[in-house]
Amino acid sequence: MAKLKRKDYEERLEPMQLELVAMARWARRTGQRIAVLLEGRDTAGKGGTINAITEHLDTRQVRVVALPKPSEREQGQWYFQRYVAHLPGEGEIVLFDRSWYNRAGVEQVMGFADAAQVAAFLAQAPVFEKLLVDDGILLCKYWLATDQERQEERFAERLHDPLKAWKLSPIDVAARQKYDEYTRARETMLAATHTPHAPWTLVDFNDQKRGRLTLIRHLLDRLPDVHVPDEKPRFPRLSGKPRKETFAVLPPIPSFGASKRG
């Protein structure tokens with residue numbers, strides 16, 4: 001299938017973003033808590049998908065959670081503990097750019113968690129998620145799937161683009177040689193954590209634009225078809241003529257020559 005052209009992508013995305021704004025309005029009005037987990041291989045497209053979802057949403061209502069590696073204190077806690085603090089409150093939407101499933105993925109494959117810790121996680125995750133769902137959180141779990149050939153193309157693009165090179169880490173470099181290990185870890189994870197109360201949805205992200213549209217459409221379809229009217233504030237006419245902005249005269253800024261930062 002041919003890659004989706006940007007113009008076609010933007011034409012299809014815009015009406016979905018209007019629906020996302022309506023979704024946020026519904027969540028705020030009803031107090032619904034929404035947690036969206038985005039998992040997948042490096043370069044799959046998690047960041048771009050999050051940007052497409054949040055672009056027109058209120059940052060006071062929508063949060064993106066991308067946690068760094070656990071601190072020494074966090075390593076001594078119950079594994080799920082640090083994620084609990086980031087769960088959505090009333091009327092909030094939280095998108096996890098990677099989540100507690102790090103334990104079944106990168107931590108397992110790269111040797112940061114031993115077999116006993118992984119086994120405990122796979123047993124506890126469905127129970128943990130059942131508690132969240134039973135308490136009323138709408139939990140959506142997505143795996144962004146990418147072939148190794150496409151992944152390599154994106155790694156090369158990042159390597160040669162100074163605006164994207166920061167996305168590459170030593171872990172990413174090491175993980176390139178472990179594509180099959182990640183596949184086996186993912187299959188084990190899905191078998192243990194794909195449950196009726198918190199199912200996984202796998203989305204083809206070999207074409208990132210098409211993948212974003214597919215994922216957003218699925219997310220919107222998870223919600224009840226309830227219309228919450230947009231109550232726009234009244235804008236009375238200004239009294240008098242519109243004022244012009246005025247500024248105090250600032251002293252000239254001294255020149256320090258060209259920047260030496262490369």
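Refer to the structure printed above.
Residues numbered from 1 in each chain as written. Predicted model: local features only at pLDDT ≥ 70, side-chain atom pairs only at ≥ 80, totals over all residues. Heavy atoms only, no water.

Looking only at helices and strands, the chain features 10 helices and five strands. Based on the C-alpha atoms only, the size of the chain along its principal axes is roughly 70 × 55 × 50 Å. Across the 262 residues in the chain, those meeting the buried criterion constitute 40%. Within the chain, contacts between residues at least 6 apart in sequence are counted, and of these 79% link residues at least 24 apart. Approximately 16,700 Å² of the chain is accessible, and the part contributed by carbon and sulfur atoms is 55%. Here the chain contributes 42 positive and 36 negative side-chain charges, whose respective centroids are spaced 6 Å apart. (Helix = DSSP H or I, 4+ residues; strand = E, 2+ residues; numbered from the N terminus. Buried < 20%, exposed > 50% of the residue type's maximum accessible area, 1.4 Å probe, protein only. Contact = heavy atoms within 4.5 Å. Areas by Shrake-Rupley, 256 points an atom, 1.4 Å probe, with all protein chains shown as cover. Lys, Arg positive; Asp, Glu negative; His and termini not counted. Charge placed at Lys NZ, Arg CZ, Asp CG, Glu CD.)

The terminal C-alpha atoms of helix H6 (residues 115–134) lie 29 Å apart, and with 20 residues this matches the ideal 28 Å at 1.5 Å per residue to within 8%. Maximum bend of H6: about 35°, positioned at Gln 124, with proline Pro 126 one to four residues after it. For H6, the set of buried residues is Val 118, Phe 121, Leu 122, Ala 125, Pro 126, Phe 128, Glu 129 and Leu 132. Turning to H6, the residues buried within the fold contact helix H4 (81–84), helix H5 (106–109), strand S4 (137–145) and helix H9 (179–193). (Expected span 1.5 Å × (residues − 1). Bend = angle between axes of the 7 residues up to and from the residue.)

Let us look at the environment of Tyr 83. Tracing the chain through its elements places Tyr 83 in helix H4. Note: C-alpha distance between Tyr 83 and Phe 96 (13 residues apart in sequence) is 9.6 Å. The residues touching Tyr 83, leaving out its near neighbours within four places in the chain, are Leu 67, Phe 96, Ser 99, Trp 100 and Asn 102. Only 3.1 Å separates the side chain of Tyr 83 from the backbone oxygen of Ser 99, close enough to count as a polar contact. (Polar contact = N/O pair within 3.5 Å; in protein donor to acceptor, adjacent residues only side chain to side chain.)

A separate point is the packing of helix H1 (residues 6–30) against helix H10 (residues 208–221). In a pair of packed helices, the angle between the axes and the distance between the axes together describe the arrangement. Two elements in contact, H1 and H10, have axes separated by 10 Å at closest approach and are oriented at 25°. As far as their axial angle goes, H10 and H1 are roughly parallel. Viewed along their axes, H1 and H10 form a crossing whose handedness is left-handed. Where H1 approaches H10, its residues Arg 6, Tyr 9, Arg 12, Leu 13, Met 16, Glu 19, Leu 20 and Met 23 are matched on the opposing element by Lys 209, Arg 210, Arg 212, Leu 213, Ile 216, Arg 217, Leu 219 and Leu 220. Its residues assigned to classes, the contact of H1 with H10 shows nine nonpolar, no polar and seven charged. (Axes fitted to C-alpha atoms, helices over the stretch in contact; angles between N-to-C directions. Parallel < 35°, antiparallel > 145°, perpendicular 65-115°, else oblique. Left-handed = near helix turned anticlockwise from the far one by under 90°. Nonpolar A, V, L, I, M, F, W, Y, C, P; charged D, E, K, R; others polar.)

Two measures describe an aromatic ring pair: the distance that separates the ring centres and the angle between the ring planes. In total, this model carries 12 aromatic pairs according to the counting rule given. Taking 5.9 Å as the distance between ring centres and 80° as the angle between the ring planes, the aromatic pair formed by Tyr 83 and Trp 100 counts as edge-to-face. Separated by 17 residues along the polypeptide, Tyr 83 in helix H4 and Trp 100 in the loop between strand S3 (93–97) and H5 bring together distant segments of the chain. Grouping residues by exposure puts Tyr 83 and Trp 100 together as buried. When the ring of Phe 96 is compared with that of Trp 100, the centres are 5.6 Å apart and the planes differ by 65°; the resulting orientation is edge-to-face. (Phe/Tyr/Trp six-rings, centres within 6.5 Å; stacked < 30°, edge-to-face > 60°.)

The buried fraction of strand S1 (residues 33–40) is high, at eight of eight residues. Of the two faces of S1, the one lined by Arg 33, Ala 35, Leu 37 and Glu 39 and the one lined by Ile 34, Val 36, Leu 38 and Gly 40 are each fully buried. Where S1 and S4 come together, eight bridges link them in parallel fashion. Across the sheet, the residue bridging to Glu 39 is Trp 143, located in S4. The pairing of S1 with S3 spans five bridges and is classified as parallel. Residue Val 36 lies in a different strand from S3, and its bridge partner there is Leu 95. (Pairing = 2+ DSSP bridges.)

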